[in-house]
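Breakdown of the fold
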Amino acid sequence: MSGLLVVPANASEACLAVIGEDGTTLLSRPRPEGTTWCLEWNHSVAGFAVLDCYRHRGGRMVLERSHLPDFAAGLDHIPGRGRQVSDGRGGYWIEAIDEPVPGNAYRLRVGAMAVNHRLVVAGRRLSLSERAANQAVTIQLQTCETGPRNDDPQ
């Protein structure tokens, strides 16, 4: 992705979209200013769910917090990047990360169903692995498109 995807700060028309390698919109969900969503997946070794949670803030996609149920392979808190707090169940949250995502978009190689990458939007889990396992997708905050969508109903 090159350049900044501009979403007006007051955009009630902002959407979180998942774009396939061929440019097809795999799913799109409205995410007005202030709303949140998470990317959730199963750790490839330990199998538990990991979360990265975002907010639409001032027209930007901002990584706010992450949930890590364990210090398994690849799951650490980086000192100076947020604040680690207990989740009360043996895992931890990294709070106050507050990192804007460059260009309001990032690429993700979607895992197979064992990993089951999924978006958690308004309490609903939407599996990316069911739609695009083993493919690269772009997850982005963008101005909502009008017209037909290639995804399940809201």
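All of these numbers come straight from a predicted model, not from anything done at the bench. (Residues numbered from 1 in each chain as written. Predicted model: local features only at pLDDT ≥ 70, side-chain atom pairs only at ≥ 80, totals over all residues. Heavy atoms only, no water.)

A word on the state of the cysteines
Using the following cut-off: By definition, disulfides here are pairs of cysteine sulfur atoms that lie within 2.5 Å. The secondary structure listing takes helices from DSSP runs of H or I that are at least 4 residues long and strands from runs of E that are at least 2 residues long, numbered from the N terminus. Type-normalised accessible area, obtained with a 1.4 Å probe on protein chains alone, sets the label of each residue: buried when under 20%, exposed when over 50%, and partly exposed for intermediate values.
Applying the stated criterion across every chain yields a total of 2 disulfides. Across the disulfide, C15 is cross-linked to C144 (sulfur-sulfur distance 1.9 Å). What sets the handedness of the C15 and C144 disulfide is the S-S torsion sign, and at about 100° it is right-handed. Remark: C144 occurs in the segment after β12 (136-143) and C15 occurs in strand β1 (residues 14-19); sequence separation between them is 129 residues. The residues C15 and C144 share a single accessibility class, namely buried. There is a disulfide in this structure between C38 and C53, and the S-S distance comes to 2.1 Å. Taking the sign of the S-S torsion, 100° for the link of C38 and C53, the bridge is right-handed. Of this pair, C38 sits in strand β3 (residues 36-42) while C53 sits in strand β4 (residues 49-57), and the two are 15 residues apart along the sequence.

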